[in-house]
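Overview (structure and organization)
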Amino acid sequence: MKYTYGPVPSRRLGISLGVDLVPKKVCTYDCIYCQIGRTTLQTVERREYTPAHSILQDVKQALGDWGDNVDYIAISGSGEPTLNLKIGEIIQGIKDLTSIPLAVITNGSLLCLEEVRRELLLADLVMPSLDAVTSHIFHTVNRPHPPLEITEIIQGLADFRREYKGQIWLETLLCRGVNDVRGEIEGLKEVIRTIRPDKVQLNTVVRPSVEDYAFPLTPSKMESAKTALGDGTEIIAEFEGHGHAIPWKDLEEKVIRLIHRRPVTPDDLSKTLGVHDLEVTKILDKLTKEGKIKYRVFNQRLYYEAVKRA
Ligand code: SF4
């Protein structure tokens, strides 16, 4: 299976089965805090980057393996999923396969296109991000493809709110000293009032990111930002696993696949896979010695990540 991964622990969705609609790493942005890596194809061109029928085959197989042990099917992955021209068809295909709720995690940059908004209508939950309201901070944090304008993106989000009946959880990721300045937070508050999402979820840099200068906010600064943004804003809590006992055939391979998607802590792995932490430690030690993965300390936590081949 090339286009599904996990189930992965997610601070927002519990245990989710990820579905990847674009290869690593095709995106409209090149965010300084991205945990997937640098954008290698930055574009606004919508294409069938990965074939819809192969994605649906993978999802079918993964559902067979994992059964009901997932809380959400999460369309996200290694870049911006709305760049896949067939996203509407894929959502419909997944809906035909399962009643597990489906979430789309998007940077929201293409919601200014009427066809993209229409294609997402069948999702149960759409989770767009919005990290800035002023052009210079948008360019500093998200480093968008040149034609993208923050005013049009905000308008697209507001239009989507009017047309879509499902849940919208807007995520704002704050980087210390970049988009956490008072004027930007006040601007965000105004814009959020126009967009009317069901929730605003505040996040910060919790995993190793592409730029070393993308720093997290302290808990007290996050609290201040939450207060400034007002009711309906929450700080995304650290993941707390559900303790599902998920069957697995080849644990080592699953660990590698999870680590290849994004850096994870031993605790993440233990909770996702329902495996004792001592067992996870043994596997991580073995894979590290074999040079298949490496570790890195970030923000006082130990993360394991993929070794990039030259
Ligand atoms: S939008 Fe998401 S995938 Fe794209 S660069 Fe930003 S964080 Fe990475």
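Residues numbered from 1 in each chain as written. Predicted model: local features only at pLDDT ≥ 70, side-chain atom pairs only at ≥ 80, totals over all residues.

**Focus on the pairing of strand 9 (residues 199-204)**
- In terms of strand pairing, strand 8 (residues 167-174) meets strand 9 through six bridges, oriented parallel. Residue W169 lies in a different strand from strand 9, and its bridge partner there is K199.
- Bridging between strand 9 and strand 10 (residues 233-235) involves three bridges; their strand directions are parallel. Across the sheet, residue V200 finds its bridge partner in strand 10, namely T233.
- A crossover links strand 9 with its parallel partner strand 10, the connecting element being helix 7 (residues 219-229), and its sense is right-handed. (Pairing = 2+ DSSP bridges. Helix = DSSP H or I, 4+ residues; strand = E, 2+ residues; numbered from the N terminus. Right-handed = clockwise from strand over helix to strand, strands pointing away.)

**Considerations on unusual backbone geometry**
- K25 follows K24 through a cis peptide bond whose omega is -5 degrees.
- Even without glycine at this site, R196 takes up a positive phi of about 55 degrees.
- Tracing the chain through its elements places R196 in the loop between helix 6 (182-195) and strand 9.
- The backbone phi angle of Q300 is positive, close to 65 degrees, even though this residue is not glycine.

**Concerning the sheet that holds strand 2 (residues 14-20)**
- Reading across from one edge, 1-2-5-6-7-8-9-10 is the order of the eight strands in this open sheet, with mixed pairing throughout. Edge positions in the sheet fall to strand 1 (4-10) and strand 10, since each has one partner strand and no second. Within the sheet, the average angular offset between the axes of one strand and its neighbour, ignoring direction, is 25 degrees.
- Contacts from helix 7 reach strand 8, strand 9 and strand 10, with the element oriented near 155 degrees to strand 9. (Axes fitted to C-alpha atoms, helices over the stretch in contact; angles between N-to-C directions. Contact = placed C-beta atoms within 7 Å.)

**A closer look at the nonpolar core**
- In terms of nonpolar packing, the biggest core is built from 68 residues, with V19, A74 and A103 touching the most fellow members.
- The contacts of A103, once residues within four sequence positions are left out, are L13, Y72, A74, A123, D124, L125 and M127.
- Listed in part, the 13 residues of the second largest apolar core include V8, L258, I259 and V264. (Core = buried A, V, L, I, M, F, W, Y, C linked by C-beta atoms within 7 Å. Buried ≥ 20, exposed ≤ 12 C-beta atoms within 10 Å, placed from the backbone.)

**Looking at the site of the ligand**
- C27, Y29, D30, C31, C34, I36, T39, G79, E80 and N107 make up every residue found near the ligand.
- Broken down by class, the residue content of the shell around the ligand amounts to five nonpolar, three polar and two charged. (Near = placed C-beta within 6 Å. Nonpolar A, V, L, I, M, F, W, Y, C, P; charged D, E, K, R; others polar.)

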